[in-house]
Amino acid sequence: MNPLVFVTLLTASLHAADSLDTFIMEQRPSLIQLYEHLHAHPELSFHEEKTSARMAEEIRKTGFEVTEKVGGFGVVAVLKNGPGRTVLVRTDLDGLPVREIGSVPYASKTTTKDDAGNEVSVMHACGHDMHMTCWIGAARALAASKDQWKGTLVFIAQPAEERGMGALAMIKDGLFQRFPKPDVCLALHCDSSLATGTVGFTSGPATASTDTVDIVVKGIGGHGAMPNMTKDPIVLASQIVLALQTIDSRELHPVEPVVVTVGKFNGGTKHNIIPDKVELGLTVRTTSPEAREQVLDAIKRICRGLGIAAGLPENLLPEISLVGPGTPTVNNDPALTTRVTQVWADAFGKNSIVEHKPTMAGEDFSRYTMTPEKIPVFLAWLGTVAPEKIEQAKASGTILPSLHSPFYRPEPAPSITFGIKAMTLAVMNELKRD
Ligand SMILES: [Zn+2]
Ligand SMILES: [Zn+2]
């Protein structure tokens, strides 16, 4: 931070809700700088060393008591302001192995080795750099307005959201035992189709339960000219891929949201060799435990059934395994959702608050409500796209870049302004003075 900004921070104080806008505009230049720095220097999941240190440094300057290395590179920052309730605000820290395609001067040129030792480009393609910037901005605004709320803030910066494992790591490292236990948990996530100046929400199930499934389709390899002497796993794997499409279309209830995507199909070495193995990689998305069980059972049944139909012996039937713990559905607490969206509607106008259908993306923010404490959570979607870009896309029939796209980039200034105000007002409302 430049020294001038630090002086502004120390002397700034918010005396009325209106002055929040002024405060954010004063802070915005330094926050845009922070955003650009984070965008240019992304780190992969579980490797967020520098990002985490920067977040700890920034939030410590606002007066929070900071603990680092909670569940890997997690940061927990606490600000006590008298008796009252406790609110947790979460940002995530990690980038993705994506090569950015963009012309802005702060576009990421970062490369690194992934956990398998491959050289990969890294990009904040999911907007976690924007989450961090709004998190710091809200921390500054709340620290500067302690006369307007009471209680305790627990600001957490979570690693490895993209691997669906960071929230669990922080919880296992004593998040709810070593630090004040929250009454509610809040988070914003960038949205790649909503306009800046708007926020999206879903009451109840808001994101998908995600599972990663590996299937090894085995066969008996041999000469490509003598298929009768083999059991061809490429043909069998192809049948499996097509049959999997019928789980959603023929087996599940027609209005049940389900996605079964085969994102990986690897097999073979040469044109005239029938291989002895094909590897399939699937992502499975559902929003209820019953649908999840039904889909996973159907995958096993289809693989086994088609293996038997291909004439494979028992020991060569397809092997199916679940990878990792998956990410459960984020279940936004209806009462908390109503309270927060009402505050936003009053501040931004009803038309700026957009009700969303659940997304089939996954988010491990769900984990914070799944401990025995069952703490209510609310995750909302921050509009990050310039309204004129949405209009242009509509007019030309083009598709806007989605999250995880090498082209996705939030509009920094309006997203930061709106995100900080939205989060600050939501927290203040939960920690109202009598
Ligand atoms: Zn993501
Ligand atoms: Zn994300």
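Residues numbered from 1 in each chain as written. Chains lettered and ligands numbered in written order. Predicted model: local features only at pLDDT ≥ 70, side-chain atom pairs only at ≥ 80, totals over all residues. Heavy atoms only, no water.

## Digging into the domain arrangement of the protein chain
The domain boundaries assigned to the protein chain delineate domain 1 (3-207 + 329-430) and domain 2 (209-327). Taken together, the 11 residues of domain 1 in the interface contact 11 residues of domain 2. A buried area of about 830 Å², summed over both sides, lies between domain 1 and domain 2, and 63% of it is on carbon and sulfur atoms. Of all residues in domain 1, Thr-329, Met-360 and Arg-367 bury the most surface against domain 2, accounting for 57% of the area lost on that side. Inspection of the region where domain 1 meets domain 2 yields zero salt bridges. Taken together, the links from domain 1 to domain 2 amount to three residue pairs in polar contact (both at pLDDT 80 or more). (Domains from an automatic or database assignment. Contact = heavy atoms within 4.5 Å. Buried area = accessible area lost by both parts, 1.4 Å probe. Salt bridge = Lys/Arg side-chain N within 4 Å of Asp/Glu carboxyl O. Polar contact = N/O pair within 3.5 Å; in protein donor to acceptor, adjacent residues only side chain to side chain.)

## Observations regarding the coordination of the zinc ion (ligand 1)
In an ideal octahedron of six donors the angles at the metal are 90 or 180 degrees, and in an ideal tetrahedron of four donors they are 109.5 degrees. In this structure, Cys-126 (SG), Glu-162 (OE), Glu-162 (OE) and His-404 (NE2) serve as the protein donors to the zinc ion (ligand 1), at separations of 2.0 to 2.6 Å. Around the zinc ion (ligand 1), the four donor atoms are arranged such that angles at the metal cover 53 to 148°; this shape is classified as irregular. Mapped onto the sequence, the residues coordinating the zinc ion (ligand 1) show the spacing C-x35-E-x241-H. Between the zinc ion (ligand 1) and the zinc ion (ligand 2) the interatomic distance amounts to 3.2 Å, and Cys-126 serves as a bridging ligand to the pair. Placement of Cys-126 in the loop between strand 5 (119-121) and helix 4 (128-143) and of His-404 in the loop between helix 10 (387-396) and helix 11 (412-430) is noted, with a sequence separation of 278 residues between them. Assessed through its relative accessible area of 6%, Cys-126 is described here as buried. Looking at His-404, the relative accessible area reads 38%, which means it is partly exposed. (Donors = N, O, S within 2.8 Å, 3.2 Å for Na, K, Ca; no water. Tetrahedral: all angles 85-135°; square planar, octahedral: opposite > 155°, others 65-115°. Helix = DSSP H or I, 4+ residues; strand = E, 2+ residues; numbered from the N terminus. Buried < 20%, exposed > 50% of the residue type's maximum accessible area, 1.4 Å probe, protein only.)

## Overview of unusual backbone geometry
Even without being glycine, Ala-160 reaches a positive phi, approximately 50°. Located in the positive-phi region is His-404, a residue other than glycine, with phi close to 80°.

## Overview of the packing of helix 3 (residues 49-61) against helix 4
Closest axis-to-axis distance for the helix 3/helix 4 pair is 10 Å, and the angle between their directions is 15°. Judged by the inter-axis angle, helix 3 sits roughly parallel to helix 4. Viewed along their axes, helix 3 and helix 4 form a crossing whose handedness is right-handed. In contact with Thr-51, Met-55, Glu-58 and Ile-59 of helix 3, helix 4 contributes Met-132, Trp-135, Ile-136, Ala-139 and Arg-140. Tallied by class, the residues present in the contact of helix 3 with helix 4 amount to six nonpolar, one polar and two charged. (Axes fitted to C-alpha atoms, helices over the stretch in contact; angles between N-to-C directions. Parallel < 35°, antiparallel > 145°, perpendicular 65-115°, else oblique. Left-handed = near helix turned anticlockwise from the far one by under 90°. Nonpolar A, V, L, I, M, F, W, Y, C, P; charged D, E, K, R; others polar.)

## What to know about the coordination of the zinc ion (ligand 2)
Looking at the zinc ion (ligand 2), the protein donor atoms are Cys-126 (SG), His-128 (NE2) and His-189 (NE2), and they sit 2.1 to 2.4 Å from it. Motif for the zinc ion (ligand 2), donor spacing along one chain: C-x1-H-x60-H.

## Observations regarding the state of the cysteines
For the structure shown, the criterion picks out zero disulfides. Here Cys-185 is not disulfide-linked; the sulfur of Cys-134 is the nearest cysteine sulfur, at 18 Å. (Disulfide = S-S within 2.5 Å.)

## Describing the nonpolar core
Counting residues in each nonpolar core, the largest one holds 63 residues, and the members touching the most others are Ile-59, Phe-64, Leu-153, Phe-155, Leu-186, Trp-344 and Val-427. Considering every element that reaches this core, the biggest residue donor is helix 4, with 10 residues. The contact partners of Leu-186, leaving out residues within four places of it in the chain, are Val-87, Leu-88, Val-89, Arg-90, Leu-336, Val-340, Phe-365, Phe-378, Met-423, Ala-426 and Val-427. By size, the runner-up hydrophobic cluster in this structure holds 27 residues, among which are Ile-215, Leu-252, Leu-296 and Ile-299. (Core = buried A, V, L, I, M, F, W, Y, C linked by side-chain atoms within 4.5 Å.)

## Points about empty space enclosed by the protein
Counting across every chain of the model gives two cavities of 30 Å³ or more. In this model, the largest cavity occupies a volume close to 80 Å³. Looking at the largest cavity, the residues that line it are Val-89, Arg-90, Thr-91, His-131, Cys-134, Trp-135, Ala-138, Ala-187, Leu-188, Gly-419 and Met-423. The set of elements that each furnish at least two residues to the lining of the largest cavity consists of strand 3 (86-92), helix 4, strand 7 (184-195) and helix 11. When residues of the lining of the largest cavity are assigned to their parent elements, the largest contribution, four residues, is made by helix 4. Broken down by class, the residue content of the lining of the largest cavity amounts to seven nonpolar, three polar and one charged. (1 Å grid on protein atoms, 1.4 Å probe; cavity = no way out; pocket = protein on both sides within 12 Å on 5 of 7 lines; lining within 4 Å. Points joined across faces, edges and corners; volume = space filled by probe spheres on them.)

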